[in-house]
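Each chain is listed here by its residues.
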Amino acid sequence: MIAFPNAKINIGLNITERRADGYHNLETIFYPINITDALEIVPANELSFEASGLGIPGQVEDNLCIKGYHLLKADFDLPPVKIHLHKHIPIGAGLGGGSSDAAFFFKLMNKEFSLNLSNEQMRDYVRVLGADCAFFIEGKPVYAFEKGDQFEPVDLDLSVYHLVLVMPPAHVSTAEAYRGVKPQPSERSLKELVSLPVGDWKQYIRNDFETSIFKNHPVIRGVKSALYEAGALYACMSGSGASVFGVFKERPDLSALEKDNQVFYNV
Ligand SMILES: C[C@](O)(CO)[C@H](O)COP(=O)(O)OP(=O)(O)OC[C@H]1O[C@@H](n2ccc(N)nc2=O)[C@H](O)[C@@H]1O
Ligand SMILES: Nc1ncnc2c1ncn2[C@@H]1O[C@H](COP(=O)(O)OP(=O)(O)OP(=O)(O)O)[C@@H](O)[C@H]1O
C-alpha cells in the first residue's frame, strides 16, 4: 500500500511562552502544500526500511516511520513490514516532511491491518514523535496552539493564488531556531489576522523565528526580499526555516533565484 505524505507551510508563527517541559507554546496557521514524499508499506518476513531520493540524515532506527512502527507494535500484534520511503520534501526546511511521513505511516498501517484507529487516536500516537506530526493526520488548514499540536479549523483557501516555495542552500535545526527566540505574548491572535485580505498579511503576520535565523543565515533573508521584489502579496519563512514561501496573484518570474535555490511553483 502506498501514500504520498505532503508538506506544510506555517503562515505566521508566534512563540508566546516557554513551558515548564522545555518546549514552547506557540500559535501558527498550518497550511498543507503539494510537495510530497512517497511512502510504501508491504507485509514482509522481517521489519526493514529503505530510502531513495534525497539523503536522510541520521540512523534508520531514528527514522520516524521506524519509531512509529515500534510505538504501534507495543499495542497491536503486528506482522513485520517492509517500508520504502522516497524522499522529495526538502529536509531542514520547516516543511514538516519527517512529521508527515510519520503521520502517513500510521494512516497506512491503520488501513493495511484494519486497526480501526480514529483520527483522534492516531493524533495521540504521533504527538509523541514530534509536535508537528498530529497536523498531518487530517492535513486540513488549522490554527494551531500550545505546542503546535492542538488545533482549531480555519476557513482558508489559497487555491486562487500562485504559491511558490523556495529552498535556499541553508539548513536550520528546529532546536537551534527555538534557542534564538525570546517568547512574547502576541497582541492579536493569528486566528483573527489570517482572515484579513492576503494583501494585508505583510503588515500584520510575522514568523518570530525570522529575526535570529536571518541574522545567522542571511541567504534566507535574501530569498524573502527577492520574493517581495518579484511581486509577492505575502512572503514568510516556513516554521523554523530554511524554506520561504511567497503568495502571488500569478506565476512570477524567479529565474534569477533558480540558479542558487530550489524553486517549487504552484505548490
Ligand atoms: C517549528 C515548527 O515546525 C512549527 O510548526 C514546530 O514547532 C516544530 O515541530 P517538530 O519539528 O515536530 O518539533 P519536535 O521534533 O517535537 O521538537 C524539536 C525541538 O524543538 C523545540 N520545540 C518544538 C516544539 C515546540 N512547541 N517547542 C519547542 O521548544 C524543542 O527544543 C524540541 O526538542
Ligand atoms: N522520515 C523522515 N524524513 C526526514 N527526516 C527524518 C525522517 N525521520 C526522521 N528524520 C529526522 O528529522 C530531521 C528533520 O526532519 P524534517 O524534514 O521533518 O525537518 P524540518 O524540515 O526542519 O521540519 P519541521 O521542523 O517543520 O518539522 C532530519 O535531520 C532527520 O534526522
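These figures come from a predicted structure and were not determined experimentally.

A. Representation of the pairing of strand S4 (residues 38-43). Note that strand S1 (residues 2-3) and S4 share 2 bridges and pair antiparallel. When the bridges of S4 are listed, Ile2 appears paired with Glu40. Pairing analysis gives 6 bridges linking S4 to strand S6 (residues 81-87), with the strands arranged antiparallel. If you follow Ile41 over to S6, its bridge partner there is Ile83.

B. Quick look at the site of ligand 2. In the region of ligand 2, 21 residues are neighbours, and Pro57, Ala93, Gly98, Asp101 and Thr174 sit closest. A distance of 3.0 Å separates an oxygen atom of ligand 2 from a polar backbone atom of Pro57. The contact in question runs from an oxygen atom of ligand 2 to an N or O atom on the backbone of Gly94, over 3.0 Å. Look at ligand 2: alone it shows 620 Å² of surface, and the protein chains cover 82% of it. Classifying every residue of the shell around ligand 2 by side-chain character gives 7 nonpolar, 9 polar and 5 charged.

C. The arrangement of the domain arrangement of the protein in detail. Partitioning the protein into domains gives domain 1 (2-153) and domain 2 (162-264). The C-alpha centroid of domain 2 is placed 23 Å from the C-alpha centroid of domain 1. Tallying the contact residues gives 28 residues for domain 1 and 35 residues for domain 2. For the pair domain 1 and domain 2, the summed buried area comes to about 2,400 Å², and 67% of that belongs to carbon and sulfur atoms. When residues of domain 1 are sorted by the area they lose upon contact with domain 2, Ile11, Leu13 and Ile15 head the list and together hold 23% of the total. Counting across the domain 1 and domain 2 interface gives 1 salt bridge. For the pair domain 1 and domain 2, the interface holds 15 residue pairs in polar contact (both at pLDDT 80 or more).

D. Looking closely at the UniProt feature "binding site: ATP" (unreviewed entry) in the protein. In the numbering used here, UniProt assigns the "binding site: ATP" (unreviewed entry) feature to Pro90, Ile91, Gly92, Ala93, Gly94, Leu95, Gly96, Gly97, Gly98, Ser99 and Ser100. Looking at the secondary structure, you find Ile91 in the loop between S6 and helix H2 (97-112). Those residues within four positions of Ile91 in sequence are excluded, and the remaining contacts are Gly55, Ile56, Pro57, Met167 and His171. What makes Ser100 buried here is its relative accessible area of 0%. Those residues in contact with Ser100 that sit more than four places away from it in its chain are Pro5, Asn6 and Phe136. Among the polar contacts made by the side chain of Ser100, one reaches the main-chain carbonyl oxygen of Asn6 at a distance of 2.7 Å.

So, how was this worked out
Residues numbered from 1 in each chain as written. Chains lettered and ligands numbered in written order. Predicted model: local features only at pLDDT ≥ 70, side-chain atom pairs only at ≥ 80, totals over all residues. Heavy atoms only, no water. Pairing = 2+ DSSP bridges. Helix = DSSP H or I, 4+ residues; strand = E, 2+ residues; numbered from the N terminus. Near = heavy atom within 4 Å. Polar contact = N/O pair within 3.5 Å; in protein donor to acceptor, adjacent residues only side chain to side chain. Areas by Shrake-Rupley, 256 points an atom, 1.4 Å probe, with all protein chains shown as cover. Nonpolar A, V, L, I, M, F, W, Y, C, P; charged D, E, K, R; others polar. Domains from an automatic or database assignment. Contact = heavy atoms within 4.5 Å. Buried area = accessible area lost by both parts, 1.4 Å probe. Salt bridge = Lys/Arg side-chain N within 4 Å of Asp/Glu carboxyl O. UniProt positions renumbered as here; feature names shortened; annotations may be inferred. Buried < 20%, exposed > 50% of the residue type's maximum accessible area, 1.4 Å probe, protein only.

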